[in-house]
Amino acid sequence: MQWKLLSQKKIVLPNGKEVLEKRSIMPLMWLILLLLTFLSIRITSFSIEVIVNRISQFFVIIQQMIPPNWTYLSKLWQPLFDTIKMSLFGSILGAICALPIAMLAATNITKNKWITTSSKFILSLLRTLPTLIVALIATFIFGLGTMAGTIAIFLFTISYVGKLLYEQIENVDMKAHEAMYSMGLTSIQAFRYAIMPQILPNYLSTSLFCFEGNVRYASILGYVGAGGIGLLLNESLGWRSYANVGMILLMLVCTVFIIETTSEYLRKKLM
């Protein structure tokens, strides 16, 4: 069967010449996908019956969140500001530090293969580590509070922005860089005047997009003691105070919406 799916098909042209057309491997890919899906269902014990029987409990919790506890609002402002501050500070520091690492990882800028490989490995390693785990480790090193959350967001931003940035650097037009380098400018100076203007809009846009996500990530870092509004969210869920949870989620939705709207407007201006 596999041979028939992958074997080449003969096509006779109008001039009588025969050519071979390679058959598509999509039927085989679909078969593999279905097999993997079946194995995933068996391994994870996924059950439609459980979802159907228990989905009503979700709406029970939602009903307990509405209306939210408005008297709880006064306790949320400071933790919410802490969440925004550690997201903003970690994003800015991470975006700045991602630039030199991206330069070292870009093969058209750094010719030493060992340096580029090591830089890409560091970025891959940072992307592999979940932000929540990094925040947990940071709490053991720096103690409980927003410092640990800022470090976690800082490392995630480096990995995210650095990955996209070095790919953008590798796809730029190198003619201006080569011209400036041949005129006697150093590699850093040539990068500053030839490459940076080409990648700057995408660099800023990527950093803003990363900041949007960091605000959402920071809201759950309190689960491991990394400060911010996540501490109150974890506490309210633990005490089953769903009206307080509703108020926290409402504040987060409004905050994220405002930040995303502003960030989207700025990204359109940059692009």
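Our structure is the block above this text.
My aim in this report is to walk through the structure given alongside it, one point at a time. (Residues numbered from 1 in each chain as written. Predicted model: local features only at pLDDT ≥ 70, side-chain atom pairs only at ≥ 80, totals over all residues. Heavy atoms only, no water.)

### Re unusual backbone geometry
Backbone geometry follows two general trends: most residues other than glycine have a negative phi, and most peptide bonds adopt the trans configuration.
Part 1 of the reasoning: A cis amide bond links Ile-66 to the next residue, Pro-67, at an omega of 0 degrees.
Part 2 of the reasoning: A positive phi angle is found at Ser-45, which is not glycine, with a value near 55 degrees.
Part 3 of the reasoning: Within the fold, Ser-45 resides in the loop between α2 (26–44) and α3 (48–65). (Helix = DSSP H or I, 4+ residues; strand = E, 2+ residues; numbered from the N terminus.)

### A word on the packing of helix α6 (residues 131–142) against helix α7 (residues 146–170)
Part 1 of the reasoning: Running from N to C, α6 and α7 cross one another at 135 degrees; their axes reach a closest spacing of 8 Å. If you check the angle between α6 and α7, you find them oblique. Relative to α7, the crossing made by α6 is right-handed. Contact residues: Thr-131, Val-134, Ala-135, Ala-138, Thr-139 and Phe-142 in α6; Met-147, Ala-148, Ile-151, Ala-152, Leu-155 and Phe-156 in α7.
Part 2 of the reasoning: Across the contact of α6 with α7, the residue classes tally to 10 nonpolar, two polar and no charged. (Axes fitted to C-alpha atoms, helices over the stretch in contact; angles between N-to-C directions. Parallel < 35°, antiparallel > 145°, perpendicular 65-115°, else oblique. Left-handed = near helix turned anticlockwise from the far one by under 90°. Contact = heavy atoms within 4.5 Å. Nonpolar A, V, L, I, M, F, W, Y, C, P; charged D, E, K, R; others polar.)

### Considerations on the environment of Ile-199
Part 1 of the reasoning: Following the sequence through the fold, Ile-199 ends up in helix α9 (residues 187–218).
Part 2 of the reasoning: Take Ile-199: its relative accessible area is 2%, and that puts it in the buried class.
Part 3 of the reasoning: Those residues in contact with Ile-199 that lie beyond four places of it in its chain are Leu-165, Gln-168, Ile-169, Val-172 and Phe-191. (Buried < 20%, exposed > 50% of the residue type's maximum accessible area, 1.4 Å probe, protein only.)

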